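# Results of the structural survey
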Amino acid sequence: MTSEENERREHHHRPRGHRAAGPAPDAHTLGPLDDAQAQLAFAVERLGLGPGAHAVLSAPRRELTVSVPVRMDDGSTQVFTGHRVQHNFTRGPAKGGVRYAPTVDLDEVRALAMWMTWKCALVDVPYGGAKGGINIDPRSFSQGELERITRRYTSEIMPLIGPDQDIPAPDVGTSEQTMAWMMDTYSVNQGHTVLGVVTGKPVSVGGSLGRASATSRGVAHITLLALAHRGLDHARSTAVVQGFGKVGRDAARLLAESGVRVIAVSDIDGAVHNPDGLDIHALMRHVDATGSVAGFGGGEAIDGEAVLELECDALVPAATEGVLTDENADRVRAGILVEGANGPTTKAADAILARRGVLVVPDILANAGGVVVSYFEWVQANQAYWWSEDEVNERLRDRMTSAWHAVLTYSQGQELSLRQAATCLAVQRVWEAHRLRGQYP
Ligand code: GLU
């Protein structure tokens, strides 16, 4: 499978407000930024931080919207809109991915940047939060066009990024290749190679071993911890993975390798279901050959939306935000929901799932493995000293495990959901940094 096809796997659910036709559930008023702001408001209130703290933490520190003029293969010129938002950099340089998707707008980027701040604080990496994106469907462009789009976008956001300022990484619709182009564009303009300016690069140009599967590995660790917490033996448990791209594919594989029966997976073109457990390695070969999970002989074809409603122990939405809504949350039959994607559960769905006793492991904990190994990559690049894959994986496991226990303990002590606990812990850490640094001037 080519990298574009791999990215394509992640686009099959459109977030609210961005659907091609018909109103999406709770689309008219709410989007990811409303969800993110509501989570922050809850944490500030619960921690008793007051309106000043809320004002500081709710507003992004810097936002840049840029026009990206690009020469197309046919000789014409098109102008795209890109953004980079730095939500916070009190604990260290801003950090977060770059998304290429038709859903990208300033509010989506703001929400994703805020979640990065909490995620980095929660797994205790010395970063703030940022996000960037361009409003394009990367599937509609040639490699040459994508390279020119990426290089021009990088040069337009150059005033904001740098290894000590803001460090981009891949997200939906971008890849290792995108990061190599970003690193090269930045470096050429500096006059020397700057490996630490982006993470998620190919290993041969300063990437880290273990980074490509790090988010998935983190999701798998957290799923196993959540199953154990619920008293379930993972060798007898079942999982469903929605999305078969950068996160879902390896998460399904790692869960299957740990003995969990992965009974269904979906992608943009369809879904396959096998109650006895899918042969994930055979499925991966099928996807490599055909570009989709659709048509896989080792299971029965089902509707893509139906995977979210299958009976299973752990449901892993690993595509994009806003897929669990007030419209379908009532029909979820999983005991545990592990958020591989950013923001897959709307505020309304979250309340329904909580009422129904579903254990929801929030994105800022469940999918933090990517930024943890991004941090390892940056540390290695800055020191020009490279670790073994085992070292990377072991340190990742340690960080994910301690973050899980910290969130679980806090949630039990404070009688909060895991999302509320994770947000409170993160907000507390970020606000502590603000308090100690003081208000300038
Ligand atoms: N885009 C990924 C995320 O949402 C990774 C960010 C990073 O590694 O900086 O967590």
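We now turn to the structure provided with this report.

### Digging into the overall build of the chain
Along the backbone of the chain there are 14 helices and twelve strands. A compact globule built from 441 residues would reach a C-alpha radius of gyration of about 22 Å, and the chain, at 20 Å, matches this within 12%. Here the C-alpha coordinates of the chain stretch approximately 55 × 55 × 50 Å along the principal axes. Sorting the 441 residues of the chain into buried and exposed places 60% on the buried side. Nonlocal contacts in the chain, meaning residues at least 24 apart in sequence, comprise 69% of its contacts between residues at least 6 apart. Approximately 16600 Å² of the chain is accessible, and the part contributed by carbon and sulfur atoms is 48%. A distance of 4 Å separates the average location of the 42 positive side-chain charges in the chain from that of its 53 negative side-chain charges.

### Things to note about the pairing of strand β3 (residues 94-100)
Looking along a regular strand, one sees the side chains alternate between the two faces of the sheet. Counting buried positions over the seven residues of β3 gives seven, a clear majority of the element. Sheet analysis places β3 next to strand β5 (residues 166-170), joined by five bridges and oriented parallel. Across the sheet, residue Ala 94 finds its bridge partner in β5, namely Asp 166. Direction of pairing for β3 relative to strand β4 (residues 129-134): parallel, over a ladder of three bridges. Looking at β4, one finds that Arg 99 is bridged to Gly 133. In the classification by handedness, the crossover that spans β3, the intervening helix α4 (residues 106-122) and the parallel β4 is right-handed.

### Looking at the nonpolar core
By size, the foremost hydrophobic cluster in this structure holds 85 residues, and its most contacted members are Trp 118, Ile 222, Val 265, Leu 283, Val 361 and Trp 404. Counting 24 residues, the second-largest nonpolar core is a separate cluster that includes Val 66, Met 158, Tyr 186 and Val 194.

### Quick notes on the sheet that holds strand β2 (residues 77-88)
Strand order in this open sheet of five strands is β1-β2-β4-β3-β5, and the pairing throughout is mixed. At either margin of the open sheet sits one strand with a lone partner, and together these are β1 (62-71) and β5. Between one strand axis and the next, the sheet turns by 20 degrees as a mean value, whatever way the strands run.

### Points about helix α6 (residues 176-190)
Its 15 residues place the ends of α6 21 Å apart at the C-alpha level, agreeing with the 21 Å of an ideal helix rising 1.5 Å per residue. All buried positions along α6 are accounted for by Thr 178, Met 179, Ala 180, Trp 181, Met 182, Met 183, Thr 185, Tyr 186 and Ser 187. Here the buried face of α6 lies against β3, α5 (143-156) and β5.

### Points about the sheet that holds strand β10 (residues 312-317)
Sheet architecture is open: seven strands sit in the order β9-β8-β7-β6-β10-β11-β12, paired in mixed fashion. Only two strands of the sheet have a single neighbouring strand rather than two, namely β9 (300-302) and β12 (359-361). Averaged over all pairs of adjacent strands, the angle between strand axes in this sheet comes to 20 degrees, irrespective of strand direction. As judged from the three bridges shared by β10 and strand β11 (residues 334-338), these two strands associate in the parallel manner. When the sheet's bridge partners are listed, Ala 314 is paired in β11 with Ile 336.

### Regarding the site of the ligand
Taken together, 14 residues sit near the ligand, with Lys 95, Lys 119, Pro 170, Asp 171 and Ser 374 positioned nearest. Lys 119 is positioned such that a nitrogen or oxygen atom in its side chain is 2.6 Å from an oxygen atom of the ligand. At 2.5 Å from an oxygen atom of the ligand is found a side-chain nitrogen or oxygen belonging to Ser 374. Residue assignment for the shell around the ligand shows that the elements contributing at least two residues are β3, α4, β5 and α12 (369-383). Residue composition of the shell around the ligand, grouped by class: four nonpolar, five polar and five charged.

### Digging into the packing of helix α3 (residues 50-58) against helix α14 (residues 418-437)
Where α3 meets α14, the axes come as close as 11 Å, and the angle between the chain directions of the two elements is 100 degrees. Relative to α14, the element α3 lies roughly perpendicular. In this structure, α3 contributes Ala 53, Val 56 and Leu 57 to the contact, and α14 contributes Val 427, Val 430, Trp 431 and His 434. In the contact of α3 with α14, the residues fall into six nonpolar, one polar and no charged.

### Remarks on a negative patch on the surface
Together, Glu 389, Asp 390, Glu 394 and Asp 398 make up a negatively charged patch on the protein surface. Structurally, the position occupied by Glu 389 is in helix α13 (residues 389-414). Taking the relative accessible area as the measure of exposure, Glu 389 reaches 37% and is therefore partly exposed.

### Quick word on α5
The end-to-end C-alpha distance of α5 is 20 Å, a good match for the 20 Å that 14 residues give at a rise of 1.5 Å each. What α5 keeps buried is the set Glu 145, Leu 146, Ile 149, Thr 150, Tyr 153 and Thr 154. The arc that holds the buried residues of α5, viewed along the axis, is 165 degrees, so those residues lie on one side. Buried residues in α5 make contact with β1, β2, β3, β4 and α6.

Cut-offs and rules
- Residues numbered from 1 in each chain as written.
- Predicted model: local features only at pLDDT ≥ 70, side-chain atom pairs only at ≥ 80, totals over all residues.
- Heavy atoms only, no water.
- Helix = DSSP H or I, 4+ residues; strand = E, 2+ residues; numbered from the N terminus.
- Rg over C-alpha atoms; globule rule 2.2 N^0.38 Å.
- Buried < 20%, exposed > 50% of the residue type's maximum accessible area, 1.4 Å probe, protein only.
- Contact = heavy atoms within 4.5 Å.
- Areas by Shrake-Rupley, 256 points an atom, 1.4 Å probe, with all protein chains shown as cover.
- Lys, Arg positive; Asp, Glu negative; His and termini not counted.
- Charge placed at Lys NZ, Arg CZ, Asp CG, Glu CD.
- Pairing = 2+ DSSP bridges.
- Right-handed = clockwise from strand over helix to strand, strands pointing away.
- Core = buried A, V, L, I, M, F, W, Y, C linked by side-chain atoms within 4.5 Å.
- Axes fitted to C-alpha atoms, helices over the stretch in contact; angles between N-to-C directions.
- Expected span 1.5 Å × (residues − 1).
- Near = heavy atom within 4 Å.
- Polar contact = N/O pair within 3.5 Å; in protein donor to acceptor, adjacent residues only side chain to side chain.
- Nonpolar A, V, L, I, M, F, W, Y, C, P; charged D, E, K, R; others polar.
- Parallel < 35°, antiparallel > 145°, perpendicular 65-115°, else oblique.
- Patch = residues over 30% accessible without salt bridge, like charges linked within 9 Å, V, L, I, M, F, W, Y side chains within 5 Å.
- Salt bridge = Lys/Arg side-chain N within 4 Å of Asp/Glu carboxyl O.
- Arc of directions from axis to C-beta.

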